[in-house]
Amino acid sequence: MADIALNPRPARKRIGDVTAWQRLKANRNWLGIWFMLPTAAFLLLFLAYPLGLGIWLSFTDARIGRGGNFIGLENYEWLWGDSVFWLSVFNTLLYTGVASVIKFAIGLYLALLLNQHMPFKAIIRALVLIPFIVPTVLSAIAFWWIYDSQFSILSWSLKKLGLISQNIDFLGDFWNARWSVIAANIWRGVPFIAITLLAGLQTVSPALYEAATIDGASRWQMFRHITYPLLTPIIAVVMTFSVLFTFTDFQLIWVMTRGGPVNATHLMATLGYQRAIGGGYLGEGSAIATAMIPFLLAAILISWFGLQRRKWQQGEAND
Amino acid sequence: MASVTCANVRKSFGATQVLHGVSIDIRDREFVVLVGPSGCGKSTLLRMIAGLENISSGEIRIGERVVNHVPPKERDVAMVFQNYALYPHMTVADNMGFSLKLRSAPRREIDERVKLAADILGLTPLLARYPRQLSGGQRQRVAMGRAIVRDPQVFLFDEPLSNLDAKLRVQMRTEIKELHQRIETTTIYVTHDQIEAMTMADKIVVMHDGMVEQIGAPLHLYDHPDNLFVAGFIGSPAMNLLPGRITANGGGGFEGPGGARLPLATAPNGSTGQRAIYGVRPEHFSLADDGAEAVIQIVEPTGSEIQVSAKLGGADITAVFRERHQFKPGDKVRLRPDARLVHLFDETTGKRLNA
Ligand SMILES: Nc1ncnc2c1ncn2[C@@H]1O[C@H](COP(=O)(O)OP(=O)(O)OP(=O)(O)O)[C@@H](O)[C@H]1O
Ligand SMILES: [Mg+2]
């Protein structure tokens, strides 16, 4: 104390000199930063850079093979008046909304079913995963055949059953095409939801159902008051992912319809790709892609605030 | 409130039979404890009474009603689980009121009954908390509260205290007993802890390997075990069981391990020379010049008494004295069992031989 009081400055400075570097090397917080550095660099390089570049491109008139000049919001102004763009927004919302709701319903139903005791449980669970493990392009091609105007197995079966007399034009008609791609997306997306929810269901202690049985709960009441509330956290997570994946879907549409007929199934992702790569208008395509960001952020925020409310879970404040 | 009757109840899981014909009569308002070693089928029987397991054969009646095929919710029983099984997403109040809510009882009635039960159990300040914000003892109380609110015909407890520390267990033991004296609902309580059974029960059912060994009041089981299993299971420290031979009837005796001569007040007629097991409780030894010689091994004073481990004719025995004898390991003493309080069991069947 006395020494420092008499001669504080040199002492402090010397200690400071030593610790500055040592703190960087040994301090636990800094150590964490050292370890995070590679990951952060990786994320910056492969996530932030393309994202930033995309957004930047949307403010330029870049074409393929030619760097662009900054043109401000011109791309967006142009899109604002573009009916095809608005059609793709409508299609994307319809596609995401309808497919997500139905995927959730079917996925939850399947999960509940698979959580029951039944014969061949393991095999059935494996079968459910098939749509998920088949490469998307492959299943898209399969659906393309299923929906083919001449060789469709669906039309063929319905004709054999005598329900229709003519082939259904699945992908040629405006609304038929929309429902058809939605159906394909549902087929592809259900396993992810079903298996994730099944995992969630299996974390619910069987003792709770026994307690509820003795408390006099019917099967529906058990689902309503035990299963569903305990599953909500995982539902929120899985549905957020499902909405994000569906909203940004590209492969299925591109293989099956390329956005047709007459843009009826163009999603924002496919339209952006078509304008940027197909048409060569990188700036405009980027603007369409960038326009997806607010929708995605909204979806994330909704689920995030949804998750915040469940204070009965571990690790949150006590009030 | 109601009586409960199990008549020749059997239970099989697939090919393995775990209950081999259990018959128990439980009177209205009685506090019955099912006790037995782990795996003997106590929980299974309790769950059959609750309706969580179906009944392979036999009959279970609650009151006058045969409930074999009655679904759990119509049996009007409440159960407290070993791990409490509280609903993690409901507050204490909602946990307790859940069964009433399912029956669509009016909000006001639910609140009233929850409040009443919370008062009884001292849970009032915790009603707004979630289960994860409670201590083990508090959770246990909430689980009991959930049962009380229902005002059922029968309470079923499955080892409700086994997750608590020793001190809390003793405290909750008293609380459950007080609770029963207060609300007088027929209670079936499962435990593998014989002290819990002795202190709480009006009637104890000792089970072993899916069968009932003996049913009776705690002190009756203590004083008059029907067989070797009950003799060894009830009482702590356990009864000394010494193999040997009946030497004479009437004013007879018993030849214990190493030829030790042990007194016997009565033995069945014509049993002279028969091999048997001689049972004597640790506290029924006294020092006497004509006793059997024993060498003291370990002396454990607890304050109120002295517990002594000794070798008697090569066999290990335990004796407990209320007097403050100055024993040292290695001392030779002469111990005499109180002949009137000796239990005699058949060596092969384990059945009690003396009256
Ligand atoms: N679902 C089941 N399938 C097959 N066997 C079972 C099942 N449940 C219990 N058992 C068997 O039945 C026997 C009795 O089990 P139970 O749970 O009733 O024992 P317990 O007396 O409650 O034991 P503890 O004191 O350890 O709780 C055990 O041997 C057990 O392995
Ligand atoms: Mg058990």
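Residues numbered from 1 in each chain as written. Chains lettered and ligands numbered in written order. Predicted model: local features only at pLDDT ≥ 70, side-chain atom pairs only at ≥ 80, totals over all residues. Heavy atoms only, no water.

Asker: What's the story with the overall build of chain A in this structure? I'm lost.
Answerer: Looking only at helices and strands, one finds 15 helices and zero strands in chain A. The buried share of chain A, taken over its 319 residues, is 37%. For chain A, contacts bridging at least 24 residues in sequence account for 67% of all contacts bridging at least 6. Surface accessibility of chain A: about 19,100 Å² in total, with carbon and sulfur atoms responsible for 70%. (Helix = DSSP H or I, 4+ residues; strand = E, 2+ residues; numbered from the N terminus. Buried < 20%, exposed > 50% of the residue type's maximum accessible area, 1.4 Å probe, protein only. Contact = heavy atoms within 4.5 Å. Areas by Shrake-Rupley, 256 points an atom, 1.4 Å probe, with all protein chains shown as cover.)

Asker: Hey, could you run me through the domain arrangement of chain B in this one?
Answerer: Size of an interface: often given as the accessible area lost when the parts come together. Residues and elements named next belong to chain B. What the domain assignment lists for chain B is domain 1 (4-231) and domain 2 (237-346). Inter-centroid distance (C-alpha atoms) of domain 1 to domain 2 is 39 Å. Between domain 1 and domain 2 lies a buried interface of about 640 Å² when both sides are counted; carbon and sulfur atoms form 61% of it. If you sort the residues of domain 1 by the area they bury against domain 2, Tyr222, Leu228 and Ala231 come out on top, with a joint share of 77%. (Domains from an automatic or database assignment. Buried area = accessible area lost by both parts, 1.4 Å probe.)

Asker: Sorry, what's going on with the interface of chain A and chain B here?
Answerer: Contacts between the two partners involve 23 residues from chain A, matched on the other side by 25 residues from chain B. Carbon and sulfur atoms supply 62% of the area buried between chain A and chain B, which totals about 2,100 Å² over both sides. Put simply, chain A and chain B have two salt bridges between them. As a salt-bridge pair, Glu210(A) and Arg47(B) come within 2.7 Å of each other at their nearest N and O atoms. There are six residue pairs in polar contact (both at pLDDT 80 or more) connecting chain A and chain B. Within the residue set of the side of chain A that touches chain B, elements represented by two or more residues are α11 (206-215) and α12 (219-247) of chain A. Among the elements that make up the side of chain A that touches chain B, the one with the highest residue count is α11(A) (eight residues). (Salt bridge = Lys/Arg side-chain N within 4 Å of Asp/Glu carboxyl O. Polar contact = N/O pair within 3.5 Å; in protein donor to acceptor, adjacent residues only side chain to side chain.)

Asker: When you look at the sheet that holds strand β11 (residues 240-248) of chain B in this model, what are you seeing that I'm missing?
Answerer: Residues and elements named next belong to chain B. Taken in spatial order, the five strands make up an open sheet running β13-β12-β11-β14-β19, and their pairing is antiparallel. This sheet does not close on itself; its edge strands, each paired only once, are β13 (261-263) and β19 (343-346). Neighbour-to-neighbour, the strand axes of the sheet open up by a mean angle of 45 degrees, direction not taken into account. (Pairing = 2+ DSSP bridges. Axes fitted to C-alpha atoms, helices over the stretch in contact; angles between N-to-C directions.)

Asker: When you look at the packing of helix α8 (residues 136-146) of chain A against helix α10 (residues 174-202) of chain A in this model, what are you seeing that I'm missing?
Answerer: The geometry of a pair of packed helices is captured by two quantities: the angle between their axes and the separation between those axes. Residue and element names in this part refer to chain A. Across the interface, α8 lies against α10 with an axial gap of 11 Å and an inter-helix angle of 140 degrees. Taken together, the axes of α8 and α10 lie oblique to each other. Two packed elements cross with a definite hand, and for α8 against α10 that hand is right-handed. For the pair α8 and α10, contact is made by Thr136, Ser139 and Phe143 and by Ala184, Trp187 and Arg188, respectively. Split into classes, the residues belonging to the contact of α8 with α10 amount to three nonpolar, two polar and one charged. (Parallel < 35°, antiparallel > 145°, perpendicular 65-115°, else oblique. Left-handed = near helix turned anticlockwise from the far one by under 90°. Nonpolar A, V, L, I, M, F, W, Y, C, P; charged D, E, K, R; others polar.)

Asker: Got a minute to help me understand the state of the cysteines in this structure?
Answerer: Working definition of a disulfide: a covalent bond connecting the sulfur atoms of two cysteines. All names here are of chain B. For the structure shown, the criterion picks out zero disulfides over all chains. With no disulfide partner, Cys40 has as its closest neighbouring cysteine sulfur the one in Cys6, 14 Å distant. For Cys40, a relative accessible area of 2% corresponds to the buried category. (Disulfide = S-S within 2.5 Å.)

Asker: Hey, could you run me through the site of ligand 1 in this one?
Answerer: Residues and elements named next belong to chain B. Phe13, Val18, Ser38, Gly39, Cys40, Gly41, Lys42, Ser43, Thr44, Glu159 and His192 make up every residue found near ligand 1. Separating an oxygen atom of ligand 1 from a side-chain N or O atom of Ser38 is a distance of 2.4 Å. In the environment of ligand 1, an oxygen atom lies 2.5 Å from a nitrogen or oxygen atom belonging to the side chain of Thr44. Isolated, ligand 1 exposes 630 Å² of accessible area, and the fraction of that covered by the protein chains is 58%. Ranked by residues supplied to the shell around ligand 1, first place goes to helix α1 (residues 42-50) with three residues. (Near = heavy atom within 4 Å.)

Asker: Even after reading the chapter, I still don't get the pairing of strand β7 (residues 154-158) of chain B, so can you show me in this structure?
Answerer: On a regular strand, one side chain projects to one face of the sheet and the next to the other, so that they alternate. Residues and elements named next belong to chain B. The buried count for β7 comes to five of five residues, which makes it a mostly enclosed element. Two elements, β7 and strand β8 (residues 186-191), share five bridges in a ladder whose sense is parallel. Pairing of Val154 across the sheet is with Thr186, part of β8. Handedness of the crossover joining β7 and β8 through helix α5 (residues 166-183): right-handed. (Right-handed = clockwise from strand over helix to strand, strands pointing away.)

Asker: For this particular structure, what's the right way to read α1(B)?
Answerer: Because each turn of an α-helix spans 3.6 residues, side chains separated by three or four positions in sequence point in the same direction. All names here are of chain B. Of all nine residues in α1, eight are buried, a share of seventy percent or more. All buried positions along α1 are accounted for by Lys42, Thr44, Leu45, Leu46, Arg47, Met48, Ile49 and Ala50. Directly beyond the C-terminal end of α1, a positive phi value near 100 degrees is found at Gly51.

Asker: Help me understand the pattern of salt bridges in this model?
Answerer: Close approach of charged atoms allows side chains with opposite charge to pair. Here the structure, examined in full by the defined rule, presents 23 salt bridges over all chains. For the salt bridge of Arg27(B) with Glu30(B), the shortest nitrogen-to-oxygen distance reads 3.5 Å. Connected through shared salt-bridge partners, Glu210(A), Lys11(B), Arg47(B) and Glu53(B) make up one network.

Asker: Whenever I open this one, a nonpolar patch on the surface confuses me. Can you help?
Answerer: The grouping of Trp30(A), Leu31(A), Ile33(A), Trp34(A), Phe35(A) and Leu37(A) at the surface amounts to a nonpolar patch, some 600 Å² of accessible area in total. Looking at the secondary structure, you find Leu37(A) in helix α3 (residues 28-58). (Patch = residues over 30% accessible without salt bridge, like charges linked within 9 Å, V, L, I, M, F, W, Y side chains within 5 Å.)

Asker: Is there a simple way to explain the sheet that holds strand β10 (residues 211-216) of chain B in this structure?
Answerer: Consider a sheet: its strands pair through backbone hydrogen bonds, and that pairing is either parallel or antiparallel. Residue and element names in this part refer to chain B. Strand order in this open sheet of six strands is β6-β7-β8-β3-β9-β10, and the pairing throughout is mixed. If you trace the sheet from one side to the other, it starts and ends with β6 (77-80) and β10, each paired once. Strand after strand, the sheet turns through a mean of 15 degrees between neighbouring axes, direction not considered. Of the strand pairs in this sheet, β6 and β7 are connected by four bridges, and their pairing is parallel. Within the sheet, the bridge partner assigned to Met79 lies in β7 and is Leu156. The sheet contacts of helix α4 (residues 136-150) involve β6 and β7, and relative to β6 the element is tilted by about 180 degrees.

Asker: What's the story with the nonpolar core in this structure? I'm lost.
Answerer: Membership of the largest hydrophobic core comes to 46 residues, with the highest contact counts inside it found for Leu45(B), Leu156(B) and Ile188(B). Ignoring anything within four residues of it in the chain, the contact list for Leu45(B) reads Cys6(B), Val9(B), Leu19(B), Val22(B), Ile24(B), Leu34(B) and Met207(B). (Core = buried A, V, L, I, M, F, W, Y, C linked by side-chain atoms within 4.5 Å.)

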